[in-house]
Amino acid sequence: MILKHWQAGIFGANNYLIINEMRKEALLIDCSEYTDQLEKELNNYNAELKYILLTHGHFDHVMGINETKRKYPNAKVFAHFGDKNLVLSINEFMKKYGMFTETLEIPIIDEYVQEGSISGNQIKIIHTPGHTRGSVCYLIDDNLFSGDTIFLEAVGRTDLDGGNFEDIKTNIENKIFTLDENIKIFPGHGDFTSVKHEKENNRFI
Ligand SMILES: [Zn+2]
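Residues numbered from 1 in each chain as written. Predicted model: local features only at pLDDT ≥ 70, side-chain atom pairs only at ≥ 80, totals over all residues. Heavy atoms only, no water.

Student: Go over the overall build of the chain with me, naming the residues and quoting the values.
Tutor: Tallying secondary structure elements over the chain gives seven helices and 14 strands in all. Computed over the C-alpha atoms, the radius of gyration of the chain is 16 Å, within 12% of the 17 Å expected from 2.2 N^0.38 for a compact globule of 205 residues. If one aligns the C-alpha atoms of the chain with their principal axes, the spans along those axes are about 40 × 40 × 25 Å. In the chain, the proportion of contacts linking residues at least 24 apart, taken out of those at least 6 apart, comes to 61%. Here the chain displays about 9,500 Å² of accessible surface, and carbon together with sulfur accounts for 45% of that area. (Helix = DSSP H or I, 4+ residues; strand = E, 2+ residues; numbered from the N terminus. Rg over C-alpha atoms; globule rule 2.2 N^0.38 Å. Contact = heavy atoms within 4.5 Å. Areas by Shrake-Rupley, 256 points an atom, 1.4 Å probe, with all protein chains shown as cover.)

Here is the structure:
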C-alpha cells in the first residue's frame with residue numbers, strides 16, 4: 001500500500017491517496033479540490049481511481065468531487081447517510097456561516113453508506129458522529145483516516161450544525177481508543193498522530 005498526501009481547498013484539508021500497486025487501484029480519502037497531483041500519482045503507478053471516500057460532508061472536504069468525477073467517471077463516491085442533508089444543502093450551510101456567496105454545484109455522491117465495510121473487508125467504516133452526524137473514520141490496515149473527528153491532540157469542532165461534543169467524546173473513547181495503539185491516525189487537517197499518542201495526550205478526551 002502506497003500512501004500519498006496533499007493539502008487542498010480553501011481550508012487546506014488533507015486529501016489522502018492510497019494506491020494498491022498489485023491491483024493497480026487507488027482510492028482517495030476526501031476531495032477538497034481537484035489537483036494535478038492526483039493525475040500525476042495515478043499515472044506514476046498506472047493506477048485506476050476506484051473510490052472517493054468522504055470522511056464527512058463539510059464543503060472543505062467535498063468541493064473537488066464533481067471535477068474529479070468528470071476526469072475519472074468510474075470513481076465511486078461514498079459518504080455516510082447521516083451527512084446526506086449536509087451535502088445536499090451545501091449552499092445553505094455556506095451562506096449560514098458566511099463562507100461564500102457564489103453558488104456551488106452540489107457534490108454527487110454515488111452511495112450513502114452506514115457503518116460496515118466496503119471493498120471486501122479491506123476498508124472498515126467506523127461511524128463517529130459528533131463533528132457532523134455522518135462523520136466516519138476509515139480503517140485500512142493499520143491506518144485510520146479520521147476526518148475532523150480527531151486531530152493531533154485535539155478534536156473537531158462541535159458547534160456547527162449536527163455537532164455534539166458528548167457524541168464526539170464518546171465515539172472517540174469507544175471506537176478509536178479501543179483500537180490497537182499502534183494504529184496511525186491521518187486526520188482531516190494538520191499533522192499525523194497515532195491511537196497511542198492521542199490516548200496519552202489528547203486535551204479534550
Ligand atoms: Zn469538517
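Having put the structure on the table, let's press on.
Student: Describe the packing of aromatic side chains, naming the residues involved and giving the relevant values.
Tutor: Overall, the coordinates contain 10 aromatic pairs when judged by the stated rule. Measuring from ring centre to ring centre gives 6.0 Å for Tyr16 and Phe192, while their planes differ by 50°; the resulting arrangement is tilted. Of this pair, Tyr16 sits in strand β2 (residues 13–20) while Phe192 sits in the loop between β13 (184–187) and β14 (193–194), and the two are 176 residues apart along the sequence. For Tyr16, a relative accessible area of 1% puts it in the buried group. These aromatic residues form a ring-pair network of at least three members: Phe11, Phe59, Phe93 and Tyr97. (Phe/Tyr/Trp six-rings, centres within 6.5 Å; stacked < 30°, edge-to-face > 60°. Buried < 20%, exposed > 50% of the residue type's maximum accessible area, 1.4 Å probe, protein only.)

Student: Quick rundown of the coordination of the zinc ion? Include the residues and the values.
Tutor: The protein atoms that coordinate the zinc ion are His56 (NE2), His58 (ND1), His131 (NE2) and Asp148 (OD), at distances of 2.2 to 2.4 Å. Geometry at the zinc ion is irregular, judged from its four donor atoms and the angles of 85 to 171° they form at the metal. Mapped onto the sequence, the donors of the zinc ion take the spacing H-x1-H-x72-H-x16-D. On the basis of relative accessible area, His56 is assigned to the buried category, the value being 1%. For His58, a relative accessible area of 4% corresponds to the buried category. (Donors = N, O, S within 2.8 Å, 3.2 Å for Na, K, Ca; no water. Tetrahedral: all angles 85-135°; square planar, octahedral: opposite > 155°, others 65-115°.)

Student: Quick rundown of the side chain of His61? Include the residues and the values.
Tutor: Here His61 lies in helix α2 (residues 59–62). Among the polar contacts made by the side chain of His61, one reaches the side chain of Asp148 at a distance of 3.1 Å. Contacts of His61, omitting those with residues within four sequence positions, involve Ala13, Asp30, Cys31, Ser32, Leu54, Thr55, His56, Asp148, Gly188 and His189. (Polar contact = N/O pair within 3.5 Å; in protein donor to acceptor, adjacent residues only side chain to side chain.)

Student: I'd like a description of the nonpolar core, backed by residues and values.
Tutor: Grouped together as the largest cluster of nonpolar side chains are 30 residues, with contacts concentrated most on Leu17, Leu28, Leu38, Leu42, Leu49, Ile52 and Leu54. When sequence neighbours within four positions are dropped, the list of residues in contact with Leu17 reads Ile2, Leu3, Lys4, Trp6, Ala26, Leu27, Leu28, Leu38, Glu41, Leu42 and Leu49. (Core = buried A, V, L, I, M, F, W, Y, C linked by side-chain atoms within 4.5 Å.)

Student: I'd like to hear about the environment of Ile205, residue by residue, with values.
Tutor: One can find Ile205 in the segment after α7 (195–201). Owing to a relative accessible area of 28%, Ile205 belongs among the partly exposed residues under this scheme. Remark: the alpha-carbon pair of Ile205 and Asn143, spanning 62 residues in sequence, is separated by 21 Å. The contact partners of Ile205, leaving out residues within four places of it in the chain, are Val155, Lys169, Ile172, Glu173 and Phe177.

Student: Tell me about the sheet that holds strand β8 (residues 123–127), and name the residues and values.
Tutor: On the basis of which strands lie adjacent, the open sheet formed by six strands has the order β7-β8-β9-β10-β13-β14 and mixed pairing. Looking at the sheet topology across the chains shown, the edges are occupied by β7 (116–118) and β14. Relative to strand β10 (residues 143–147), strand β9 (residues 136–140) is paired through three bridges, and the arrangement is antiparallel. Its bridge partner lying in β10, Ile140 is registered against Asn143. The sheet strands contacting helix α6 (residues 165–176) are β8, β9, β10 and β13, and the helix crosses β8 at an angle near 145°. (Pairing = 2+ DSSP bridges. Axes fitted to C-alpha atoms, helices over the stretch in contact; angles between N-to-C directions.)

Just distances and angles here, no functional claims.
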